[in-house]
Amino acid sequence: MNLDSRVYVAGHGGMVGSAIIRQLKKSGYQHIVTRTSAELDLTNQTAVAAFFAEQKIDEVYLAAAKVGGIYANNTFPAEFIYQNLMIEANVIHQSYLHGVQKLLFLGSSCIYPKLASQPMQESALLDGYLEPTNEPYAVAKIAGIKLCESYNRQYGVDYRSVMPTNLYGPGDNYHPENSHVIPALIRRIHEAKEQGLSEVTIWGTGTPKREFLHVDDMAAASIFVMNLDKATYDSEVHSMESHINVGTGLDCSILEVTHKIAKVVGFNGDINTDTSKPDGAPRKLMNVDRLHRLGWESSIELDKGLQDAYDWFLKNSTDLRV
């Protein structure tokens with residue numbers, strides 16, 4: 001860990017990028033470089049090349065991406081695959097051209113096949129068909145992994161990839177139509193409490209299980225993986241399967257997490273299920289044995305993390321598009 005390195009965090013305004021910034025500052029890094037999308041269009045090869053030539057970057061955390069929920073992925077598949085491919089290709093290639101030896105690419109658990117065995121191991125990559133609703137996004141994320149692997153093999157750089165499970169926490173998206181399960185439930189249950197409602201209804205049976213990781217844990221894991229010495233890192237990965245899952249290794253049902261959120265919010269009404277609505281996949285859990293063997297485990301338990309997420313929501317709800 002070289003605290004004097006010039007570290008570029010691409011996507012610093014997002015939930016993950018901002019958490020990485022917090023962790024880098026906490027660790028003592030002195031030279032953190034950021035650019036907003038208005039200041040630097042990462043899909044523009046010429047602009048990205050000029051940025052790297054000017055800034056003399058030593059390390060890159062590539063957290064920038066076009067993201068969205070099922071509706072957005074289904075409606076704008078061309079935008080999702082094009083923009084994410086361009087961002088990855090430009091940042092990774094210009095990093096190599098300008099002498100960046102260390103880069104960490106942040107992917108997504110959606111890279112794994114729709115019917116992957118649970119818990120999902122790194123070896124499941126490219127072992128089956130992807131979930132159709134977000135296939136373009138997933139293909140772009142797989143390409144990011146393979147870009148890192150290819151540049152490592154051909155040019156001898158040290159570009160690594162981490163694949164997070166479902167994330168939540170400060171900076172999350174609370175939009176009523178395209179937020180993920182935890183922020184969606186926090187907002188709905190908070191509004192039910194504010195309106196004095198006696199019940200809240202969730203989609204499906206509530207039995208599907210999901211894994212949730214606090215974004216500050218994700219940031220800590222990212223910095224940990226970035227700073228592993230190469231011999232230790234290489235002991236767990238190889239050139240054609242170099243990514244590392246990041247998660248808690250634990251999951252809980254949607255109904256369980258709903259009750260936990262209700263407790264945090266202080267909502268005492270009934271929680272009902274609408275079994276006419278779809279459940280989705282029965283389980284999505286990451287195998288995190290590789291990360292555990294390397295020496296990192298999550299530390300923020302779900303109850304504490306949900307309280308932290310709700311506290312952030314209360315402080316920022318007037319500024320959110322909710």
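Above this note sits the structure.
Residues numbered from 1 in each chain as written. Predicted model: local features only at pLDDT ≥ 70, side-chain atom pairs only at ≥ 80, totals over all residues. Heavy atoms only, no water.

### As for the overall build of the protein chain
- Counting secondary structure elements, the protein chain contains 11 helices and 13 strands.
- Taking 322 residues into account, the globule formula puts the C-alpha radius of gyration at 20 Å, and the protein chain, at 20 Å, falls close to it.
- In the protein chain, which comprises 322 residues, the share counted as buried stands at 48%.
- The contacts in the protein chain between residues at least 6 apart in sequence include a share of 81% that link residues at least 24 apart.
- Carbon and sulfur atoms provide 49% of the accessible area of the protein chain, an area that totals close to 15100 Å².
- The centroid of the 29 positive side-chain charges in the protein chain is displaced by 2 Å from the centroid of its 38 negative side-chain charges. (Helix = DSSP H or I, 4+ residues; strand = E, 2+ residues; numbered from the N terminus. Rg over C-alpha atoms; globule rule 2.2 N^0.38 Å. Buried < 20%, exposed > 50% of the residue type's maximum accessible area, 1.4 Å probe, protein only. Contact = heavy atoms within 4.5 Å. Areas by Shrake-Rupley, 256 points an atom, 1.4 Å probe, with all protein chains shown as cover. Lys, Arg positive; Asp, Glu negative; His and termini not counted. Charge placed at Lys NZ, Arg CZ, Asp CG, Glu CD.)

### Some remarks on the sheet that holds strand β11 (residues 252-253)
- Across the sheet, three strands lie side by side as β11-β8-β13; this open sheet has mixed pairing. Of all the strands in the sheet, just β11 and β13 (283-284) have a single pairing partner and so form its edges.
- Summarising the sheet, strand β8 (residues 209-210) and β13 pair through two bridges and their orientation is parallel. Paired with R210 across the strands is K284, a residue of β13. (Pairing = 2+ DSSP bridges.)

### Structural notes on unusual backbone geometry
- Here the amide bond leading from Q118 into P119 is cis, since omega sits at -10°, within 30 degrees of zero.
- Phi at L126 takes a positive value of approximately 65°, unusual for a residue other than glycine.
- Tracing the chain through its elements places L126 in the loop between β4 (102-106) and α5 (135-155).
- According to the relative accessible area criterion, L126 is exposed, its value standing at 59%.

### Quick look at the pattern of salt bridges
- Across all of its chains, the model carries 13 salt bridges by this definition.
- D251 is paired through a salt bridge with R283; the nearest N and O atoms lie 2.7 Å apart. Of this pair, D251 sits in the loop between β10 (243-246) and β11 while R283 sits in strand β13; the two residues are 32 residues apart in sequence, bridging distant segments of the chain.
- Its relative accessible area of 33% is what places R283 among the partly exposed residues. (Salt bridge = Lys/Arg side-chain N within 4 Å of Asp/Glu carboxyl O.)

### A look at the nonpolar core
- Ranked by size, the top nonpolar core spans 39 residues in total, and within it Y8, L42, F52, V60 and L62 carry the most contacts.
- Listed by contribution, the elements that provide at least two residues to this core are β1 (6-10), α2 (45-55), β3 (59-62), α4 (77-97), β4, α5 and β5 (158-164).
- Looking at this core element by element, the count peaks at six residues for α5.
- L62 has contacts with A10, I87, E88, V91, I92, L104, F105 and L106, leaving out every residue within four places of it along the chain. (Core = buried A, V, L, I, M, F, W, Y, C linked by side-chain atoms within 4.5 Å.)

### A look at the packing of aromatic side chains
- Scanning the model with the defined rule gives 10 aromatic pairs in all.
- Between Y96 and Y151, the aromatic rings sit 5.8 Å apart at their centres with planes inclined by 70°, giving edge-to-face as the arrangement. Here Y96 is found in helix α4, whereas its partner Y151 is found in helix α5, with 55 residues between them in sequence.
- Centroid distance Y174 to W312: 6.3 Å. Interplanar angle 20°. Geometry classified as stacked. On the criterion of sequence distance, the pair formed by Y174 in the loop between β6 (166-168) and α6 (181-194) and W312 in helix α11 (residues 302-316) is long-range, its members being 138 residues apart.
- The exposure class of Y174 is buried, given its relative accessible area of 2%.
- Positioned over the ring face of Y233 is R160, at 4.1 Å from the centre of the ring. (Phe/Tyr/Trp six-rings, centres within 6.5 Å; stacked < 30°, edge-to-face > 60°. Lys NZ or Arg CZ within 6 Å of the ring centre and 35° of its normal.)

### Quick word on the packing of α2 against α4
- The interhelical angle for the contact between α2 and α4, taken along N-to-C directions, is 35°, at an axis separation of 9 Å. Here α2 and α4 pass one another in a crossing that is right-handed. On α4, the residues touching Q45, V48, A49 and F52 of α2 are N90, V91, Q94 and S95.
- In terms of residue class, the contact of α2 with α4 is built from four nonpolar, four polar and no charged. (Axes fitted to C-alpha atoms, helices over the stretch in contact; angles between N-to-C directions. Left-handed = near helix turned anticlockwise from the far one by under 90°. Nonpolar A, V, L, I, M, F, W, Y, C, P; charged D, E, K, R; others polar.)

### Side note on the pairing of β1
- With four of five residues buried, β1 is to be regarded as a mostly interior element.
- Where β1 and strand β2 (residues 31-33) come together, three bridges link them in parallel fashion. Counterpart to R6 in the pairing with β2 is H31.
- On the question of chirality, the crossover connecting β1 to the parallel β2 by way of helix α1 (residues 15-27) is right-handed. (Right-handed = clockwise from strand over helix to strand, strands pointing away.)

### A look at the side chain of Q23
- When you line up the elements, Q23 lands in helix α1.
- Taking the relative accessible area as the measure of exposure, Q23 reaches 15% and is therefore buried.
- Sequence-distant contacts of Q23, that is, excluding residues within four places in its chain, are made with D216, A219, A220 and I223.

### What about α6?
- A rise of 1.5 Å per residue sets the reference length of α6, with its 14 residues, at 20 Å; its end C-alpha atoms lie 20 Å apart and thus fit the reference within 8%.
- On its buried face, α6 is in contact with β6, β7 (199-203), β9 (212-214), α9 (254-265) and α11.
- G196 sits one or two positions beyond α6 and adopts a positive phi of about 70°. (Expected span 1.5 Å × (residues − 1).)

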